[in-house]
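Each chain, letter by letter, is given below.
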Amino acid sequence: MKADQFQAPDYYNLDDLLSDEHKMVRDASREWVKREVSPIIEEAAQKAEFPKQLINGLAEIGAFGPYIPEEYGGAGLDQISYGLIMQEIERGDSGVRSTASVQSSLVMYPIYKYGTEDQKKKFLPKLASGEMMGCFGLTEPDHGSNPGGMTTNFKDKGDHYLLNGAKMWISNAPFADIAIVWAKNEEGRIHGLIVERGMEGFTTPETHNKWSLRASATGELVFNNVKVPKENLMPEKSGLGAPLGCLDSARYGIAWGAIGAAMDCYDTALRYAKEREQFGKPIASFQLQQKKLAEMITEITKAQLLAWRLGVMRNEGTATSAQISMAKRNNVAMAINIAREARQILGGMGITGEYSIMRHSMNLESVITYEGTHDIHLLITGLDITGIPAFQ
Ligand code: TGC
Ligand code: FAD
């Protein structure tokens, strides 16, 4: 793979809207990605292996629980810093960002928000340091966009719960030490349980043959009469709103992350277009290529402003779930379109692993599907503006 020459576009001087802390956090993540992710990520993706050697570095840049308070091992940062970290990691690879998103927003966040003090003390510091890794099991083979229909269930057996069912498409599952599992009790109410590797009847088979997110490990969670200690139920929130609340945080991170992938594709295509000559001129001199590049920087700039404003509202505690959906949907679609256009600017070279664009393009096919598909987020906006649900 080519040396990482990335230069971040900032057409509307977004840096002026960031604090010194934001810029410090962002620059540290950017440097780390350049040093540790770029040199190894192409090979990891080609081999379809999650690069476990990145776990310590992710912890060091604060990517595990950026906004979790320091007393629980988190970095105690605000929402904009969290977004900027996700942006920089996804500039390297969406799969590596997935690992950080899941650990932060889908594992640490529910324990922090819905867990007991004992659960917080037991799990959060180890999750923040990367000593322990987690995954989040909501999706089932027959319930993806409609998680409320889940059939995974647990029964009260007096001194423990008995868990049965299966989850699929679970990021980090093959190597996770713990799984946050959403399951129905005997009354059909959804609760979150912390299931630990080693519990009898709990297995995590890996999902192979993915053409997308190849540097992220994906798997199933299978529960066959798993005895879960009662102290592993997170008591502070139940119902579908509990897992969906975690998704708000993860979707927000993706709205920033997608900008990173788009910036990398744009920056690569711009440099290539200025260097590559055809018909005796740099291809950047042709109007058709300029149109592509000009539209890319316009869309990136709009996405940056959307994410920044959403971050401000998240810091104030005023951002709604529907506002988060709009940003996730817009920014991921923006990134996938830019990846496709950028790939064309590189001609044949664009399909090779010499450049990052094809990998980003394939990765974004997962990002546009997980955490709520492109169409589901549109329906969430539709519901918000009309008051009428069109899901069924
Ligand atoms: P609905 O009746 O609308 O809502 C049920 C309850 O949930 C509340 N709620 C939310 N709460 C917090 N945050 C949100 N975003 C919320 N959305 C809804 C709602 O107020 C209600 O509460 P209550 O107290 O009245 O019961 O539910 P529905 O069954 O009609 O479904 C609505 C729909 C389709 C929008 C929802 O199911 C949905 O978002 N589906 C998409 C599923 C999804 O996003 N799955 C993601 C799985 S995890 C994943 O993909 C991780 S990838 C990680 C990585 O690798 O980076
Ligand atoms: P379906 O729900 O079957 O949808 C198929 C199509 O139908 C989509 O285009 C959808 O938009 C459309 N559709 C569905 N319902 C409607 C409707 N009402 N109106 C209009 N159109 C509709 N899940 C987890 O729980 N944890 C994870 O860590 C996780 N990681 C993932 C990693 C990867 C690589 C992938 C690919 C997925 C991951 N997921 C995870 C699952 C992901 O959240 C689901 O794939 C996603 O929610 C969509 O569900 P589905 O694949 O079952 O598609």
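Look up a bit, the structure's there.
Residues numbered from 1 in each chain as written. Chains lettered and ligands numbered in written order. Predicted model: local features only at pLDDT ≥ 70, side-chain atom pairs only at ≥ 80, totals over all residues. Heavy atoms only, no water.

(A) The overall build of the chain, seen in detail. Along the backbone of the chain there are ten helices and ten strands. With the C-alpha coordinates of the chain rotated into their principal frame, the extents come out at 80 × 45 × 40 Å. Within the chain, the fraction of its 392 residues that count as buried is 56%. Total accessible area on the chain is roughly 16,900 Å²; 49% of this is exposed by carbon and sulfur atoms. Computing the positive centroid from 41 side-chain charges and the negative centroid from 49, the chain places the two 4 Å apart. (Helix = DSSP H or I, 4+ residues; strand = E, 2+ residues; numbered from the N terminus. Buried < 20%, exposed > 50% of the residue type's maximum accessible area, 1.4 Å probe, protein only. Areas by Shrake-Rupley, 256 points an atom, 1.4 Å probe, with all protein chains shown as cover. Lys, Arg positive; Asp, Glu negative; His and termini not counted. Charge placed at Lys NZ, Arg CZ, Asp CG, Glu CD.)

(B) Layout of the site of ligand 2. Looking at ligand 2, there are 17 residues lining it, with Thr-139, Ser-145, Trp-169, Thr-373 and Phe-391 nearest. A distance of 2.7 Å separates an oxygen atom of ligand 2 from a polar atom in the side chain of Ser-145. Between ligand 2 and Phe-391, the relevant distance is 2.7 Å, taken from a nitrogen atom to a main-chain nitrogen or oxygen of the residue. Taken by itself ligand 2 offers 970 Å² of open surface, and the protein chains cover 68% of this. If you list the elements that add at least two residues to the shell around ligand 2, you get strand E3 (160-171) and helix H10 (374-386). Looking at which element gives the most residues to the shell around ligand 2, the answer is E3, with three residues. (Near = heavy atom within 4 Å. Polar contact = N/O pair within 3.5 Å; in protein donor to acceptor, adjacent residues only side chain to side chain.)

(C) Spatial organisation of the packing of helix H4 (residues 94-114) against helix H6 (residues 241-275). Between H4 and H6, whose axes approach to 9 Å, the crossing angle comes to 145°. For the crossing formed where H4 meets H6, the hand is right-handed. Every residue of H6 that contacts H4 at Arg-97, Ser-105, Leu-106, Tyr-109, Pro-110 and Tyr-114 is listed here: Gly-241, Ala-242, Gly-245, Cys-246, Leu-247, Ser-249, Ala-250, Ile-254 and Gly-257. Here the contact of H4 with H6 is built from residues that sort into nine nonpolar, five polar and one charged. (Axes fitted to C-alpha atoms, helices over the stretch in contact; angles between N-to-C directions. Left-handed = near helix turned anticlockwise from the far one by under 90°. Contact = heavy atoms within 4.5 Å. Nonpolar A, V, L, I, M, F, W, Y, C, P; charged D, E, K, R; others polar.)

(D) Quick look at the nonpolar core. Ranked by internal contacts, the top residues of the largest apolar core, which has 103 residues, are Ile-111, Leu-127 and Trp-182. Considering every element that reaches this core, the biggest residue donor is H6, with 18 residues. With residues near it in sequence (within four places) discarded, Leu-127 still touches Phe-64, Gln-103, Val-107, Met-108, Ile-111, Met-132, Met-133, Gly-134 and Ile-178. Membership of the second largest hydrophobic core comes to 19 residues, among which are Phe-154, Leu-163, Ile-170 and Val-226. (Core = buried A, V, L, I, M, F, W, Y, C linked by side-chain atoms within 4.5 Å.)

(E) Structural detail: helix H9 (residues 357-367). Burial runs high along H9: eight of the eleven residues are buried. Here H9 has its buried residues at Ile-357, Arg-359, His-360, Ser-361, Asn-363, Leu-364, Ser-366 and Val-367. Elements in contact with the buried residues of H9: helix H1 (20-47), helix H3 (79-92), H4, H6 and helix H8 (321-345).

(F) Examining the pattern of salt bridges more closely. Following the criterion strictly, the structure yields 18 salt bridges and no others. Between Glu-42 and Arg-359 there is a salt bridge whose closest N-O contact spans 3.4 Å. Linking Glu-42 in helix H1 with Arg-359 in helix H9, this pair joins segments that are 317 residues apart in sequence. Through salt bridges that share partners, Asp-4, Arg-91 and Asp-264 make up one connected network. (Salt bridge = Lys/Arg side-chain N within 4 Å of Asp/Glu carboxyl O.)

(G) Seen up close, the site of ligand 1. Around ligand 1, the surrounding shell holds 25 residues, and the nearest of these are Ser-171, Asp-248, Arg-251, Glu-371 and Gly-372. At 3.4 Å, a backbone N or O of Gly-241 approaches an oxygen atom of ligand 1. Glu-371 places a main-chain nitrogen or oxygen 2.8 Å from an oxygen atom of ligand 1. For ligand 1, the protein covers 68% of the area, taking 1,100 Å² as the surface of the free molecule. Secondary structure elements with two or more residues in the shell around ligand 1: H4 and H6. Counting residues per element, the shell around ligand 1 draws most heavily on H6, which supplies six residues. Residues of the shell around ligand 1, tallied by class, amount to eleven nonpolar, ten polar and four charged.

(H) Representation of H6. Along its 35 residues, H6 runs 51 Å from first to last C-alpha, staying within 8% of the 51 Å computed at 1.5 Å per residue. Judged by how many residues are buried, H6 sits mostly within the fold: 30 of 35 residues are covered. (Expected span 1.5 Å × (residues − 1).)

(I) Inspection of the pairing of strand E2 (residues 153-156) at higher detail. Note: E2 against E3, four bridges, orientation antiparallel. In the sheet register, Phe-154 faces E3, and the bridge partner there is Leu-163. Hairpin remark: E2 followed by E3, antiparallel, with three residues in the connecting loop; positive phi at Gly-158, about 90°. (Pairing = 2+ DSSP bridges.)

Scope: geometric values only; no functional claims are made or implied.
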